[in-house]
Every structure is written in structure tokens, then in C-alpha cells.
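Listed below are the residues making up each chain.
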Amino acid sequence: MRFAIGDTDFLLDGEPHRVLSGAIHYFRVHPDLWADRIRKAKLMGLNTIETYVAWNAHAPSPGVFDLTGGLDLGRFLDLVAAEGMHAIVRPGPYICAEWTNGGLPYWLFADGTVGVRRDEPGFLAAVSSYLHALAPVLVPRQIDNGGPIVLVQVENEYGAYGSDPVYLSKLEQMHRAIGLTVPFTSVDQPMGTMLEDGSLPSLHKTGSFGSRSVARLERLRQAQPTGPLMCSEFWDGWFDSWGEHHHTTPAAASATDLDDLLAAGGSVNIYMFHGGTNFGFTNGANDKGVYRPIATSYDYDAPLDEAGRPTPKFHAFRAVIERYAPVPPLPASMEPGGSGRLASDAADGADREARVVPAADLAVRLDRVASLRSLLPTLTTWSAYDEPPTFDALGAASGFVLYRAEVDLPSGGVLTVGTEVRDRAIVSVDGVVVGVLEREHHDRAIVLPPVTGTLELLVEDQGRVDYGIRIGEPKGLIGGVAVDGVPLSRWTASPLALDPIAPSALDALSAVEPADGEALAGPTFATGSFDLDAVDDRYLSLDGFRKGVAWVNGFCLGRYWSRGPQQTLAIPGPVLRRGRNAVVVLELHASASRTAHLLVQPDLGHTEG
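None of the values given here were measured: they were computed from a predicted structure.

1. Re the overall build of the protein chain
On a plain count of helices and strands, the protein chain comes out with 11 helices and 36 strands. On C-alpha atoms alone, the protein chain measures out to a radius of gyration of 25 Å, which is about the 25 Å that the 2.2 N^0.38 rule sets for 609 residues. Dimensions along the principal axes, computed over C-alpha positions, put the protein chain at roughly 80 × 60 × 40 Å. Counting all 609 residues of the protein chain, 60% fall into the buried class. Sequence separation of at least 24 residues holds for 77% of the intrachain contacts in the protein chain that already meet a minimum separation of 6. Entry remark: accessible area of the protein chain is about 22300 Å², with carbon and sulfur atoms responsible for 53%. Each charge class in the protein chain can be summarised by its mean position, and for the 49 positive and 74 negative side chains these summaries are 1 Å apart.

In C-alpha cells, the structure reads:
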């Protein structure tokens, strides 16, 4: 088969074809749930699945390129093909996606000499290596070769960042050089000169917007007089940041905008069809004068929620799509009021209610408790430095780094971080917490009590900036540390082994004798176990806890924070097992309870704004 760009339409084997796509990021969904999410996209009436490719997820360190497990992009694309659907792939190299560092590997910029998103030899050489690593996955899965891929996007909203046709041209040539033959696209907001600045004549321009569809398409047509109109990011919701309200858009309003888009003859990629979750420490952040880390949930108020269930937006969008294209019949379980689950044994296409195992909420007592300090030997590998090293210098992509210095301050003093705390530091003296420095509040100084002993700063990377000029910046205590203006030297530092959590730490924690009591004083670990007769998606509620990280069966669910809006952490069913399961929590501050709750229904933090 052939896919091409015609004068007015996309052409599939020479015939006009409308792309009806939905975004699913394979790296935000447990791989055992990929097929379920893809099939539900087809049931809404979509014919295409779009995904970014997260370079930094595949390349956690130099010389490594992981295509296994949840990063098996080839398997994801094969599942798309198995549903008879097409695929749009957006390998970047920059993707934004509210993903840490916009998808760019932190180690690429560690020495400060490599450019970011520009025509710079070091950056382009790394991009070339990345694309060559992707070639065996992408090239044979193009539609020309019998695969599902019909479009590939070059860069991502570059017009909002810069205007460098030489850089874009070199990127385009690199994509062609690895054997990609399908049409190439670019995407930008139809505002100002972004469409012109972010593309080339050889890249088919598409738009990104979520409202005012007719006006946006008119601006797109002005920038590109011929070819099919496409919104390749139709924003049907938005992401959440910690401390803000949960973002929603009315289903009826979004459906009207989608109807306007399709009535004008446009093709669409719905961003997102299913958002998923920023598991582990993968969330990004924004910094437009104030640093704002993004929440663990990437629910996005999408047609398919974080739990994989259809929302009112699913049914509203399906009703719109049905006016322009045939849609398959819905199983009863996907109708309003249904379970939202598909029968796991429905490979024969049987239209029947999915099997639902009766389940109840569970209270999980976290009865084994150990301080972070007591478990440090299982989590750290100390090394010595004259000044506090960055996370990047330590080879830490994300998470936590603990910095230590021996001090003699009989009168105390004012501790100051030279330039910036990135992003949050819990300051302790001899194991006693004395305060917190937060980048979000532009904190750089704290008063220390008298101390002759150990000064510790537990620094958390709360998410690397994914958009704008601060992409690629290092993490840690930037600019050194001084007390009363005198620099502190002779530091030891270590990343904490938390994603995945070190098995030796889990063993040590499980060996602790159960203890009575309710409140927890952090930083501390607590664990408890629970039994399940049947496995299904669940949700972890940590009501009464303040801030930290949670794991189930060693799988890092991500961060929780009482400031909201997110209230529960998604637990994919494949992470659970019949019989005994374990929950581990790292509470950084304090909790009023030692009881976690395993919920059947999620609370996605819908504090409406």
C-alpha cells in the first residue's frame, strides 16, 4: 500500500483518506494494557494511533538503547497493525509531552558543550545515532513495507522555540537517511509566525489547537495553500501540575470543535485519546518564571481516562465521528454505565459484557517502618567531591540525591545555595530536619541551628523542564553551598536507588519487626502487605500522608503530594498478583496515619477549577 499527500487530501492507494487518530504514549501505559487501549480507540471510530518516542526513556545512559518490555515500540506498533489501524510516529528528537526534559537525554548536555534543538555538531551527531537505533523498528513497519506507519513528524512545535531552517533541513535528511519513506510532517500552533518558523516546504504543516477550529484551519491554509488540512494535536483536555486545579474541558464543547474540524474536511489526531501515567520519576515541569512540576497522573481529561475507562467525552466524540466515518458496534461493557472493560478472552470478537470480578476496597496497614537513614547502606554508593556535584555529574537522570558535609558551626549560621535549588531540598543536621528549600518559592537560604556534626541535604528532582529555554539544565545544588558566606567543601554525595527500588532495601525493610503506632515522621519508609483473590486495576490512596513516593510489588507508581489535585495513584492490574502483594511508601515529611487504601474506583483529583 502507499500513503501520500495529495492536493486536497491524504491519499491511501490513490484514494482520498481522512486520518482519524488518537494519541496513546506507549511509555505511559503498562505494556500488558496496550492492546486494550488500542482496541478502545478503534471502538471510538479512530483509524490511526499516534505516539511520541521518548528518546531518554530508551537511552537512560550513553551507549544504551533499550527496546524491551514497556519500551518495546515495535510490539506496540505491531498491536496497532493487528487492529487494522495505521500509526503516526513522532520521534522528535524533542517531544515536550510534559515528559521529563522533553524527551531529551540528560546526559547529552552534561558537559555543557552540546547544543539544544539547534544546528550544533554534538547535538546532531547524537540525534543521528538515536535515529539509527530506531531504524530497525520504524523502517520495516512503514506502510510501504506492509506496516502501519503512514506519517512521521520531524521535531515538535519548533516554531514556538526558534526559527532555524538549516537545523530542520538536517533533521529531515537524517530521517530520510535511515530509510524512512512515508510523508513527513511538522506541527505548530496556528498563531503568529509559528507555522512558518517551525517547518520547511518539504514538511507537510499541521496545526495544534483545541478550540476555534475553523479559524485555526484558515490560518493553516494561509500558511499552506494546498494539501490536506490536519490538526495533529487536537487538545481535548490538559495536563495537571501539583498545587493547581484539575483541568477539564466540557465534553459537549470539545465535541463541537471536533465536529467543526471534520466538517471543514480536516484530519485529526486527538491529543490525548488516553493519557496514562507518569510512572516513576518521568513527569516533566514548566518554568515560565515560576517552576511548576507536573503531576504523576496524565489523565488529561481524555476520552479514555487514566483507568482505561470511557468518559462522556468518548461517547460525545464517537457520535461526532459517526457522522463522517463508519464506527464499529460497541460492546455492552463500553456503553454508558458499563464496566469500561473488554473481555480478556474476546479475541474472537465476541460482543459481550466483560467479566467483572466483584472486588472491594482494602485497607493496608503499613506496619513495618524504617527511617531513610537506617536504609542508606542499601540505597547509596558514596563518593567524595570538593563541591556538591550535579545530578548529571553523578549519572542520576532523576529522583533523589543525598549530599553530606561534616561541619563545625557552634553558633549555627545561614546556609545559602549559590544560584538555585533544583528542585527541592530537605535540610537536616545530625538527622534532624530543620527546613525545606523549594525552587518553586525561589528559596535559597535557611538558618541552621548550632551543629558540630553532619549536614545533609536530600535533594529531589521534581521533573526536568520540558518546554522552553530551560530544557537541558542540570539538577542539584547549583552554584555551590556556603554558610555565612563561607563556601562549604569536602562533600560526599550519592543518588538513591529508588526506580527501581534496590532489592536489598526491600529485604531490609521486610525484615523489620512490625511496630505499633499511627503517625510517621519522615523521611521514612513504611511497608505493608495485602492479599488478592483476583487481579484488576486498583488505585492507591494515601490520605493523611504528605509527600513522597510509592511502590507496589517493586513497581514505582510515582510521586504523591497532599497539595493535589491528584488524590490517588494508578496501579495497573498487571503489576498486581493473586495472593500476597506489598506496598512500600517513602514519606518525606510526616503522616497522620499508617494505613493506605487500595481502591476499586479512582479519585483522579477532580478538584474542578
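Once you've had a look at it, read on.
2. Structural notes on the sheet that holds strand β17 (residues 399–409)
Strands in a sheet are paired, the pairing made by backbone hydrogen bonds, and the direction either parallel or antiparallel. Taken in spatial order, the 6 strands line up as β16-β27-β17-β23-β20-β21 in an open sheet, and their pairing is antiparallel. The sheet is open, and its two borders are formed by β16 (383–385) and β21 (432–438), each paired with just one other strand. On average, each strand axis in the sheet is inclined to that of its neighbour by 25°, with strand direction left out of account. As defined by bridge partners, strand β20 (residues 424–429) adjoins strand β23 (residues 451–461) across 6 bridges and the pair is classed as antiparallel. Looking across to β23, one finds that Ser428 is bridged to Glu456. Along the sheet face, helix α10 (residues 372–379) touches β17, β23 and β27 (491–495) and points at about 115° away from the line of β17.

3. Thoughts on the pattern of salt bridges
In total, this model carries 36 salt bridges according to the counting rule given. Its salt-bridge partner being Lys40, residue Asp36 comes within 3.0 Å of it at the nearest N-O pair. Linking Asp36 with Lys40, this pair stays in helix α1 (residues 34–43), spanning 4 residues, or about one helical turn. Per residue, the accessibility class of Asp36 equals that of Lys40, and both read buried. As a salt-bridge pair, Lys475 and Asp461 come within 3.4 Å of each other at their nearest N and O atoms.

4. Some details on the side chain of Thr454
When you line up the elements, Thr454 lands in strand β23. Side-chain polar atoms of Thr454 contact the side chain of Glu406, separated by 2.9 Å. Setting aside chain neighbours within four positions, we find Thr454 in contact with Arg404, Ala405, Glu406, Ser428, Val429 and Asp430.

5. Description of unusual backbone geometry
Arg422 connects to Asp423 through a cis peptide bond whose omega is 10°. Looking at the element boundaries, Asp423 is found in the loop between β19 (420–422) and β20. In this model, Gly522 is joined to Pro523 through a cis peptide bond whose omega is -5°. If you trace the backbone, Pro523 turns up in the loop between β28 (520–521) and β29 (524–532).

6. Side note on the side chain of Glu438
Looking at the secondary structure, you find Glu438 in strand β21. Relative accessible area serves as the criterion here: at 12%, Glu438 is assigned to the buried category. With sequence-adjacent residues up to four places away left out, Glu438 is seen in contact with Asp423, Arg424, Asp443 and Trp561.

7. Looking at the packing of aromatic side chains
Using the criterion set out here, one finds 24 aromatic pairs in the structure. Each ring, one from Trp34 and one from Phe76, has its centre 5.4 Å from the other, and the planes form 85°; the classification is edge-to-face. Within this pair, whereas Trp34 is found in helix α1, its partner Phe76 is found in helix α3 (residues 73–82), the two being separated by 42 residues in sequence. Like Trp34, the residue Phe76 is buried in the burial classification. Members of the aromatic cluster, connected to one another through ring pairs, are Tyr52, Trp235, Trp238, Phe239, Tyr271, Tyr298 and Tyr300. Stacked on the ring of Trp561, the Lys or Arg Lys547 has its end atom at 4.4 Å from the ring centre.

8. Quick notes on the packing of helix α4 (residues 121–138) against helix α5 (residues 165–177)
Taken N-terminus to C-terminus, the directions of α4 and α5 make an angle of 25°; their axes are 10 Å apart at the nearest point. Relative to α5, the element α4 lies roughly parallel. Handedness of the α4/α5 crossing: right-handed. Facing α4, whose interface residues are Phe123, Leu124, Val127, Ser128 and Leu131, α5 presents Tyr167, Lys170, Leu171, Met174 and His175. Counted by class, the contact of α4 with α5 contains 7 nonpolar, 2 polar and 1 charged residues.

9. Thoughts on the sheet that holds strand β1 (residues 3–5)
One open sheet holds the 3 strands; their spatial order is β1-β2-β3, and the pairing between them is antiparallel. The strands lining the two open edges of the sheet, one partner per strand, are β1 and β3 (15–17). The mean inter-strand angle of the sheet, taken between neighbouring strand axes irrespective of direction, is 40°. Here strand β2 (residues 10–12) pairs with β3 via 3 bridges, running antiparallel. Counted as the bridge partner of Leu11 is Pro16 from β3.

10. Digging into helix α7 (residues 213–223)
Listed in full, the buried residues belonging to α7 are Ser213, Arg216, Leu217, Arg219, Leu220 and Ala223. Viewed along the axis of α7, the buried residues span an arc of 155°, placing them on a single side of the element. Exposed and oriented more than 90 degrees from the buried face of α7 are Glu218 and Gln222. Against α6 (194–197), β9 (204–209), β10 (230–235) and α8 (251–263) lie the buried residues of α7.

Thresholds, definitions, all that
Residues numbered from 1 in each chain as written. Predicted model: local features only at pLDDT ≥ 70, side-chain atom pairs only at ≥ 80, totals over all residues. Heavy atoms only, no water. Helix = DSSP H or I, 4+ residues; strand = E, 2+ residues; numbered from the N terminus. Rg over C-alpha atoms; globule rule 2.2 N^0.38 Å. Buried < 20%, exposed > 50% of the residue type's maximum accessible area, 1.4 Å probe, protein only. Contact = heavy atoms within 4.5 Å. Areas by Shrake-Rupley, 256 points an atom, 1.4 Å probe, with all protein chains shown as cover. Lys, Arg positive; Asp, Glu negative; His and termini not counted. Charge placed at Lys NZ, Arg CZ, Asp CG, Glu CD. Pairing = 2+ DSSP bridges. Axes fitted to C-alpha atoms, helices over the stretch in contact; angles between N-to-C directions. Salt bridge = Lys/Arg side-chain N within 4 Å of Asp/Glu carboxyl O. Polar contact = N/O pair within 3.5 Å; in protein donor to acceptor, adjacent residues only side chain to side chain. Phe/Tyr/Trp six-rings, centres within 6.5 Å; stacked < 30°, edge-to-face > 60°. Lys NZ or Arg CZ within 6 Å of the ring centre and 35° of its normal. Parallel < 35°, antiparallel > 145°, perpendicular 65-115°, else oblique. Left-handed = near helix turned anticlockwise from the far one by under 90°. Nonpolar A, V, L, I, M, F, W, Y, C, P; charged D, E, K, R; others polar. Arc of directions from axis to C-beta.

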